[in-house]
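Coordinate inspection notes
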Amino acid sequence: MSARILDGRAVASRVWRDLSERVAALGEEAPPRLAIVRFAGNGPADVYATSLARAARSIGVEPVEVRPPEGVGQNDVAARIAALNRDPLVSGIVIAQPIPEQLETDAVLALIDPAKDVDGATPLNVGRLARGEAAFAPATALAVMAILRTSGIPIAGRRAVVVGRSAVVGRPVASLLLGADATVMVCHTRTRNLARETRRAEILVVAAGSPGLIRPEMVNRSAVVVDCGINTTRDGIVGDVDYATVRPVVSAITPVPGGVGPVTTMVLLQQTVESAERAAEERRHHAERFDVPTHAPVEER
Ligand code: NDP
């Protein structure tokens, strides 16, 4: 029997409908804004930034593109991000990575106001997530959880194995699974017998960046497999799981493309809308207390 296909596009359109309604409920007066900082000459990040801007617009969130000039210095970037932090209409800030070499990536990410850090990149949100506290999480990790939850896959008490321990995918996925009461194992290149570990997984999340890494003999028949990999090969975009051979021997699997990818953009926007809702609530609260207008003027950038 072939596996159930966990369709990321279907999950993404459910989130899309929910977000469109929530943005409409926020009112047209002040549509939430998502600032996307994109550095010059960064090809792959540009593709992502363009599709993120398009998706934002489709739910009524206004993308604000910030394009620092080539060779920009740390102080200039800091001033631009500080202006976005201060702007009351900017609900989310995303910095397209990789960040150019002349800048220090961690220092740049740390400039974002944690309340607007809708891709969970600041040290504060990373720390909160690791401690199991409420936090904005990296979108890909959150997309994995959204797929499992909307597909009705039980997580609590399940043995989950994550292949990959990067800061953007593997580690945050492991934290979120742990937060959902799974029993979590994290594998990496120094794991001694990867197949032995992955075979034990009831939920297998793969984020290794290695096409075809997971083969049929490495999975359990009852496994739910979520493939985060996006690898460009001669055969087109493929995941980290050898889909054609693994699909027939597991219980559920995400395709690539059409799995984690489309959901990633939507959950990032979900966190942006959450941030906007929180800010609107604070403005209402403030207005009630001090009898002032709810919409503060937009600052010049
Ligand atoms: P990184 O290269 O930063 O991390 C890869 C991780 O996988 C490392 O921890 C590495 O171990 C581990 N790994 C690599 N090869 C093996 C192997 N053969 N056996 C066991 N572990 C292995 O990649 P990212 O986390 O940034 O990305 C992972 C994949 O997810 C990529 O294909 C990327 O394109 C994709 N991605 C998808 C996104 C989406 O929206 N769907 C967003 C971001 C990334 P070690 O630490 O020991 O080196």
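Turning next to the sheet that holds strand S4 (residues 90–95). What the three strands build is an open sheet, ordered S3-S2-S4; its pairing is parallel. In this open sheet, the two edge strands, each paired with only one partner strand, are strand S3 (62–66) and S4. Taken over all neighbouring pairs, the strand axes of this sheet differ in orientation by 25 degrees on average, direction set aside. As defined by bridge partners, strand S2 (residues 33–37) adjoins S3 across five bridges and the pair is classed as parallel.

Turning to the state of the cysteines, a few remarks are in order. Applying the stated criterion to the full structure yields zero disulfides. No disulfide involves Cys 187; its sulfur sits 14 Å from that of Cys 228, the nearest cysteine. Accessibility expressed as a relative area gives 11% for Cys 228, which makes it buried.

This part covers the sheet that holds strand S8 (residues 224–227). Taken together, six strands build an open sheet; the order of strands is S1-S11-S8-S7-S5-S6 and the sheet is parallel. Where the open sheet ends on each side, the last strands, each with one partner, are strand S1 (4–5) and strand S6 (183–187). Relative to S6, strand S5 (residues 159–163) is paired through five bridges, and the arrangement is parallel. The residue of S6 that forms the bridge with Val 162 is Val 186. Most of the contacts of helix H7 (residues 170–179) go to S5, to which it runs at about 170 degrees, and overall it touches S5, S6 and strand S7 (203–206).

Time to look at the domain arrangement of the protein. In terms of domain boundaries, the protein breaks down into domain 1 (27–113) and domain 2 (139–260). The distance between the C-alpha centroids of domain 1 and domain 2 comes to 29 Å.

Residues in contact with the ligand amount to 20 residues; listed here are only the nearest, Thr 140, Arg 165, Ser 166, Thr 189 and Ile 230. In this structure, Ala 207 approaches the ligand through a main-chain N or O atom, which is 3.5 Å from an oxygen atom. Summarising the interface, the protein chains cover 68% of the accessible area of the ligand, which totals 920 Å² for the free molecule. Looking at side-chain class alone, the shell around the ligand contains ten nonpolar, nine polar and one charged residues.

On to helix H1 (residues 8–26), then. Taking 1.5 Å of rise per residue, the 19 residues of H1 would be expected to cover 27 Å, and the 27 Å separating its terminal C-alpha atoms lies within 8% of that figure. Within H1, burial applies to Gly 8, Val 11, Ala 12, Val 15, Leu 19, Ser 20 and Val 23. Packed against the buried residues of H1 are helix H2 (43–59), helix H6 (139–150) and helix H10 (260–290). Residue Asp 7 occupies the N-cap position of H1, its side-chain oxygen lying 3.0 Å from the main-chain nitrogen of Arg 9. Within two residues after H1, Gly 27 carries a phi angle of roughly 95 degrees, on the positive side.

This part takes up the pairing of S7. Along S7, one buried face is formed by Ile 203 and Val 205 and the opposite face, lined by Leu 204 and Val 206, is buried too. Across four bridges, the pairing between S5 and S7 is parallel. The residue of S7 that forms the bridge with Val 161 is Leu 204.

We now examine the environment of Arg 192. Structurally, Arg 192 can be placed in the loop between S6 and helix H8 (194–199). On the basis of relative accessibility, which here comes to 83%, the residue Arg 192 falls in the exposed class. The spacing of Arg 192 and Arg 80 is 112 residues in sequence and 46 Å in space, taken between C-alpha atoms.

This part takes up the pairing of S5. The element S5 is largely enclosed, with a buried count of four among its five residues. In terms of handedness, the path from S5 via H7 over to S6 forms a crossover that is right-handed.

Ranked by size, the top nonpolar core spans 54 residues in total, and within it Leu 34, Leu 148, Ile 155, Val 173, Leu 177, Val 205 and Leu 269 carry the most contacts. It is H6 that contributes the most residues to this core, nine residues altogether. Shared between two domains, this core holds at least three residues of each, these being domain 1 (27–113) and domain 2 (139–260). Ignoring anything within four residues of it in the chain, the contact list for Leu 269 reads Leu 19, Leu 34, Leu 52, Ala 55, Ala 56 and Ile 59.

Thresholds, definitions, all that
- Residues numbered from 1 in each chain as written.
- Predicted model: local features only at pLDDT ≥ 70, side-chain atom pairs only at ≥ 80, totals over all residues.
- Heavy atoms only, no water.
- Pairing = 2+ DSSP bridges.
- Helix = DSSP H or I, 4+ residues; strand = E, 2+ residues; numbered from the N terminus.
- Axes fitted to C-alpha atoms, helices over the stretch in contact; angles between N-to-C directions.
- Disulfide = S-S within 2.5 Å.
- Buried < 20%, exposed > 50% of the residue type's maximum accessible area, 1.4 Å probe, protein only.
- Contact = heavy atoms within 4.5 Å.
- Domains from an automatic or database assignment.
- Near = heavy atom within 4 Å.
- Polar contact = N/O pair within 3.5 Å; in protein donor to acceptor, adjacent residues only side chain to side chain.
- Areas by Shrake-Rupley, 256 points an atom, 1.4 Å probe, with all protein chains shown as cover.
- Nonpolar A, V, L, I, M, F, W, Y, C, P; charged D, E, K, R; others polar.
- Expected span 1.5 Å × (residues − 1).
- Right-handed = clockwise from strand over helix to strand, strands pointing away.
- Core = buried A, V, L, I, M, F, W, Y, C linked by side-chain atoms within 4.5 Å.

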